[in-house]
Amino acid sequence: MNCCLAIVLFLLGALVPGAAQADTPSDAKQEAVASIDRQSAEMIGLSDQIWAFAETALREARSAAVLADYAEAQGFAVERGVADMPTAFVASYGKGRPIIGIMGEYDALPGISQRAQTTRQALEEGAAGHGCGHNLFGPASLAAAVAIKELIAAGELDGTIRFIGTPAEEDIGGKLYMLRDGLFDDVDIALAWHPSDEINADTEGSQAMVSFAVEFRGRAAHAAADPWNGRSALDGVELFTHAINLMREHVEPTVRMHYVITDGGDVPNVVPDYARVWCWVRDSEHTSVDKLVERARAAAEGAALATDTTSTFSIESGSYEMLVNLEGAKIIHANMSWLGPIEFTREEQEFAREIQRETGVEITGLRSEPEPLDLTRRAPDGGSTDVADVSWVVPTLHLSVTTAAHDAPWHAWPVVATGGMSIGHRGMVYAAKVLAATMVDLYEHAEQRKAVEAEFEEQTRGFKYRFYIPEGPPPVPAD
Ligand SMILES: [Zn+2]
């Protein structure tokens, strides 16, 4: 490098806060990263346990317990069973401001049990599996919180660190109930990450979505002897889904609509008097989703009218689109640049390529380098998260880290496979380091915190967050 240019860059580095920290990390930041290295064996232990438990939404009893126990052993004050959900908990350490909250998920997906290998084989036939990598999500966030706790305890950082254990992301959106109960109200800045097939300071966000059910009620009759006396509730469902499928041509290309028929009658020789369809609609913004839901509601009424049945339309849950915080993304990206790539081994790259061969996607292995920072605010790809709801209430920083083969199917066996072995472990440890380093910046630099908060204030001015969840307690299963 030319000597004058080097001096100019050095001076620029001294003037730009983000650049300065990327070049010369503070002692606290280096200690936070060292703490993650020290905790890595315990993180892997927690993650492998949660991977094997593979507990689905609101049934994550053992998964939540191992994380809450670890937090307690590290000196956090732990409150279990918050927001009327036995598997939700909050672990706090420190006092005063800033209060930084870091979220951790740990729920699995039904029916995708898988061994940690490159071909499809269930660990336990029909059981659940961690097809979204949440077994890695919880431990990485918690380890980052512990790293911050150690620095607060040593008097190197001031404020409060809070790990927020959020169940049921894959189903009802546990964070919505926690938001409703005010558990995020005093948090200054929240952080979350997500397992992914690339490393990214997420600026793309996530889709808004609404989950609703339509129930049809008709009249039972013998399907051959006196079908004229019957009115088929299944006909109502079929006509409704036909309307949804015709709607596809007349919605924006960013819209996603998908459904399952959860109840369609029992046997063909009885005209079903009850049928139910469960449907999700998504788009880039919640205002568009609200309009789609109204169109679906009208379609349900029309289907009932045409089939001489009745329909009940119930919104079960829904999430907003993620409010992307670009100031936060800059801090995350600077820390990813400082940490550099994830060093996957040749065996791990080959493991990923085997999965790519098996699933018929391009054979490129694992993405190990952080992606360039994209500040364009482009429309999100498909997918939603209840982290997005938090992002409208508290400034929220979000990142993705490679834990799976690039482009291999998500919510599917390949993600379970890599999440249960060293590829996932390496991504988890890396995520914890980025989270810990980013939090150190937020504690140490009030001006960076203020920049994040100012962007949030600007984006939410005059806005009132409105829950999609129905009134009443969360639908915790009885068993
Ligand atoms: Zn997920």
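Now for a description of the structure that goes with this document.

Analysis parameters
- Per chain, residues are indexed from 1 in the order of the written sequence.
- Whole-chain, interface and lining totals are the exception, using all residues; otherwise, since this is a predicted model, local features are given only for residues with pLDDT of at least 70 and side-chain atom pairs are given and counted only at 80 or more.
- Computation of side-chain values covers all heavy atoms of the structure but excludes hydrogens and water.
- We place a 1 Å grid over just the protein atoms. Points where a 1.4 Å probe fits but has no way out form a cavity, open points with protein on both sides within 12 Å along at least 5 of 7 lines form a pocket, and any residue with an atom within 4 Å of a point lines it.
- Grid points are joined across faces, edges and corners, and a volume is the space filled by probe spheres set on the points.
- In DSSP terms, a helix is any run of H or I states spanning at least four residues, a strand is any run of E spanning at least two, and both are numbered starting from the N terminus.
- Under this grouping Gly is polar, as are all residues other than the nonpolar Ala, Val, Leu, Ile, Met, Phe, Trp, Tyr, Cys and Pro and the charged Asp, Glu, Lys and Arg.
- The rule for pairing is simple: two strands pair if DSSP sees at least two bridges between them.
- Here, axes are lines fitted to C-alpha atoms. For helices the fit covers the stretch in contact, and angles between N-to-C directions go from 0 to 180 degrees.
- When checking whether two residues touch, look at their non-hydrogen atoms; a contact exists if any pair is within 4.5 Å.
- Donor criterion used throughout: N, O or S atom within 2.8 Å of the metal, extended to 3.2 Å for Na, K and Ca. Water excluded; incomplete-looking sites may result.
- Each residue's exposure class comes from its accessible area (1.4 Å probe, protein chains only) as a fraction of the maximum for that residue type: buried when under 20%, exposed when over 50%, partly exposed otherwise.
- Between the rings of Phe, Tyr and Trp (Trp by its six-membered ring), a pair exists once the centres lie within 6.5 Å; its type follows the angle of the planes, with under 30 degrees stacked, over 60 edge-to-face, and the other angles tilted.
- Counted as over-ring charges are cases with an Arg CZ or a Lys NZ within 6 Å of the ring centre that also lie within 35 degrees of the ring normal.
- Here a helix's expected span is defined as the number of its residues, less one, multiplied by 1.5 Å.
- At every residue, the bend is computed as the angle between two fitted axes, covering the seven residues ending there and the seven beginning there respectively.

Summed over the entire model, instances satisfying the criterion amount to two cavities of 30 Å³ or more. Reported here for the largest cavity is a volume of approximately 80 Å³. Of all the secondary-structure elements, those providing two or more residues to the lining of the largest cavity are α9 (326–339) and β11 (396–402). Its residues assigned to classes, the lining of the largest cavity comprises six nonpolar, five polar and one charged. There is about 30 Å³ of room inside the second largest cavity. Taken together, Leu323, Val324, Asn325, Ser391, Pro395, Thr396, Phe456 and Gln459 form the lining of the second largest cavity. Here the residues of the lining of the second largest cavity sort into four nonpolar, four polar and no charged.

The strand order β8-β9-β7-β10 describes an open sheet built from four strands, whose pairing is antiparallel. Strands with a single pairing partner mark the edges of an open sheet, and in this sheet they are β8 (256–263) and β10 (310–319). On average, each strand axis in the sheet is tilted by 20 degrees relative to the strand beside it, whichever way the strands run. Alignment of β8 against strand β9 (residues 274–283), held across seven bridges, turns out to be antiparallel. Counterpart to His258 in the pairing with β9 is Trp280. Contacts from helix α7 (residues 233–247) reach β7 (208–217), β8 and β9 within the one sheet, and its direction differs from that of β9 by about 15 degrees.

A few words now on the coordination of the zinc ion. Donor atoms from the polypeptide that coordinate the zinc ion comprise Cys132 (SG), His134 (NE2) and His194 (NE2), at 2.0 to 2.3 Å from the metal. Counting residues between consecutive donors of the zinc ion along the chain gives the motif C-x1-H-x59-H. Here His194 lies in strand β5 (residues 189–196) and His134 lies in helix α5 (residues 134–153), a separation of 60 residues in the sequence. For the pair formed by His134 and His194, the shared burial category is buried.

With that out of the way, let us pick up the packing of aromatic side chains. Summed over all chains, the structure comprises 12 aromatic pairs. Their ring planes at 40 degrees and their centres at 5.6 Å tell us that Phe89 and Phe163 sit as a pair that is tilted. Of the two residues, Phe89 sits in strand β2 (residues 89–94) while Phe163 sits in strand β4 (residues 160–165), which places them 74 residues apart along the sequence. Ring centres of Tyr320 and Phe463 lie 6.0 Å apart, and the angle between their planes is 80 degrees; this geometry places the pair in the edge-to-face category. Separated by 143 residues along the polypeptide, Tyr320 in the loop between β10 and α9 and Phe463 in the segment after α14 (446–460) bring together distant segments of the chain. What links up through ring pairs into an aromatic cluster is the set Tyr320, Trp392, Phe463, Tyr465, Phe467 and Tyr468. The ring centre of Trp338 lies 5.6 Å from the NZ or CZ of Lys29, which sits over that ring. Above the face of the Tyr93 ring, Lys149 is positioned so that its terminal group lies 5.3 Å from the ring centre.

Of the volumes computed, that of the second largest pocket is approximately 240 Å³. Looking at the lining of the second largest pocket residue by residue, the class counts come to six nonpolar, five polar and five charged.

Bringing helix α3 (residues 27–53) into the picture now. Helical geometry note: an α-helix holds 3.6 residues per turn, so side chains three or four residues apart project in the same direction. The terminal C-alpha atoms of α3, which comprises 27 residues, lie 38 Å apart, in line with the 39 Å expected from a rise of 1.5 Å per residue. The largest bend along α3 measures about 55 degrees and falls at Gln39. Following α3 by one or two positions, Ala54 adopts a phi angle in the positive range, close to 45 degrees.

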